[in-house]
Amino acid sequence: MATTRSPARYPGAWETITMEPAFKPSADVPDPQSVAEKWWSANAEQYLAEHPSLGDVRFQWGPEGWTEEDLQILPAAPGRILEVGAGAAQCSRWLASKGHNITASDISKGMLSAAELLNEKTGIAFPLIHSSIDAMPFGDSSFDTVFTSFGALSFIPDLGPAFAEVFRVLSPGGLWAYSVTHPFSWVFPDSPYADDLKVIRPYGKREAYVESDRAGTSYAEFPHTLSDHINGLVRAGFAIDDILEPAWPVANAETWGAWGPDRGAMLPGTLIVSARRPAS
């Protein structure tokens, strides 16, 4: 293994570590939730420092920079809201600032600590819950809206249990909305430049992107196909409302990991899905 600069698939997750990046069978990743919790707790402070554009009170759906104000994906009156994979809870803080009833959850204690500090800094308070997306400590039908912006889903090998758990905590008629790395992104190199858009791996191959250090697996992210998303939602009982592949805004000149204006002009980098638990 060599000391190098890690091209982690999550936007902006770059750090100098001793590691061996590779794609490996998903089954070879032991305890993915524990891997995610440790990595995001250890890197929370650095990640937030590297991405000031996320702000303290801002609801951004992805690296393109589109906000909830721009896209208006959530209902105008979202009722009881849960953010899963909230990180430092910037999205929840924005919603709370508008007077909405919000709860934020994340598997990373480090990120929740950062969220607590930002709540104190901004004077905007709401519950912060330590929880994984596939085993939540909430009762059935506890929320009218559940959402995540680039949180939780990329770090689990199987979307099914997560979708089923979200369905459970949603009230009938409730909305589940989320954004993730676009599934097509995984076939290309982790580069923001259009000249690098050459297919290097098969679409839909059941492998995880893994980084390892001397202690073992330090980071893991799991590609999911469009059919994984659509079939997983339908099997959980959801009705899909909308699928959005936002274009790169002309005004956004920021390069963020593999996302940027050059590559963004050629193909979408983010997938946004809205689905609803049927009212009856």
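Here, every reference points to the structure presented above.
Figured I'd write up the structure that's included with this text. The model shown is predicted, which means the values in this text are computed figures rather than measured ones.

## As for helix 1 (residues 32-50)
Along its length, helix 1 shows its largest kink, about 60 degrees, at Ala44. All of the buried residues along helix 1 are Pro32, Gln33, Val35, Ala36, Trp39, Trp40, Asn43, Ala44 and Tyr47. The elements touched by buried residues of helix 1 are helix 4 (109-122) and strand 10 (216-221).

## Observations concerning the pattern of salt bridges
Applying the stated rule across the entire model yields eight salt bridges. The closest approach of N and O atoms between Asp241 and Arg276, which form a salt bridge, is 3.1 Å. Taken together, the positions of Asp241 in strand 11 (residues 239-244) and Arg276 in strand 12 (residues 270-276) put the pair 35 residues apart, joining distant regions of the chain. Looking at Arg276, the relative accessible area reads 29%, which means it is partly exposed. Because the salt bridges share partners, they merge into one network encompassing Asp140, Glu165 and Arg168.

## Describing the layout of surface pockets
Computed from the structure, the second largest pocket encloses a volume of approximately 210 Å³. Where the lining of the second largest pocket is concerned, the elements lending two or more residues are helix 5 (159-169) and helix 6 (226-236). A per-element tally of the lining of the second largest pocket places helix 6 first, with five residues. For the lining of the second largest pocket, the residue count by class is four nonpolar, six polar and six charged.

## Regarding the packing of helix 5 against helix 6
Running from N to C, helix 5 and helix 6 point in directions that differ by 45 degrees, and their axes come no closer than 9 Å. As summarised for this structure, helix 5 and helix 6 are arranged oblique, according to the angle between their axes. The two elements helix 5 and helix 6 cross, and the hand of that crossing is right-handed. Counted together, Leu159, Phe163, Ala164 and Phe167 of helix 5 and Asp228, His229, Gly232, Leu233 and Ala236 of helix 6 form the full contact between these two elements. Looking at the contact of helix 5 with helix 6 residue by residue, the class counts come to six nonpolar, two polar and one charged.

Rules used throughout
- Residues numbered from 1 in each chain as written.
- Predicted model: local features only at pLDDT ≥ 70, side-chain atom pairs only at ≥ 80, totals over all residues.
- Heavy atoms only, no water.
- Bend = angle between axes of the 7 residues up to and from the residue.
- Helix = DSSP H or I, 4+ residues; strand = E, 2+ residues; numbered from the N terminus.
- Buried < 20%, exposed > 50% of the residue type's maximum accessible area, 1.4 Å probe, protein only.
- Contact = heavy atoms within 4.5 Å.
- Salt bridge = Lys/Arg side-chain N within 4 Å of Asp/Glu carboxyl O.
- 1 Å grid on protein atoms, 1.4 Å probe; cavity = no way out; pocket = protein on both sides within 12 Å on 5 of 7 lines; lining within 4 Å.
- Points joined across faces, edges and corners; volume = space filled by probe spheres on them.
- Nonpolar A, V, L, I, M, F, W, Y, C, P; charged D, E, K, R; others polar.
- Axes fitted to C-alpha atoms, helices over the stretch in contact; angles between N-to-C directions.
- Parallel < 35°, antiparallel > 145°, perpendicular 65-115°, else oblique.
- Left-handed = near helix turned anticlockwise from the far one by under 90°.

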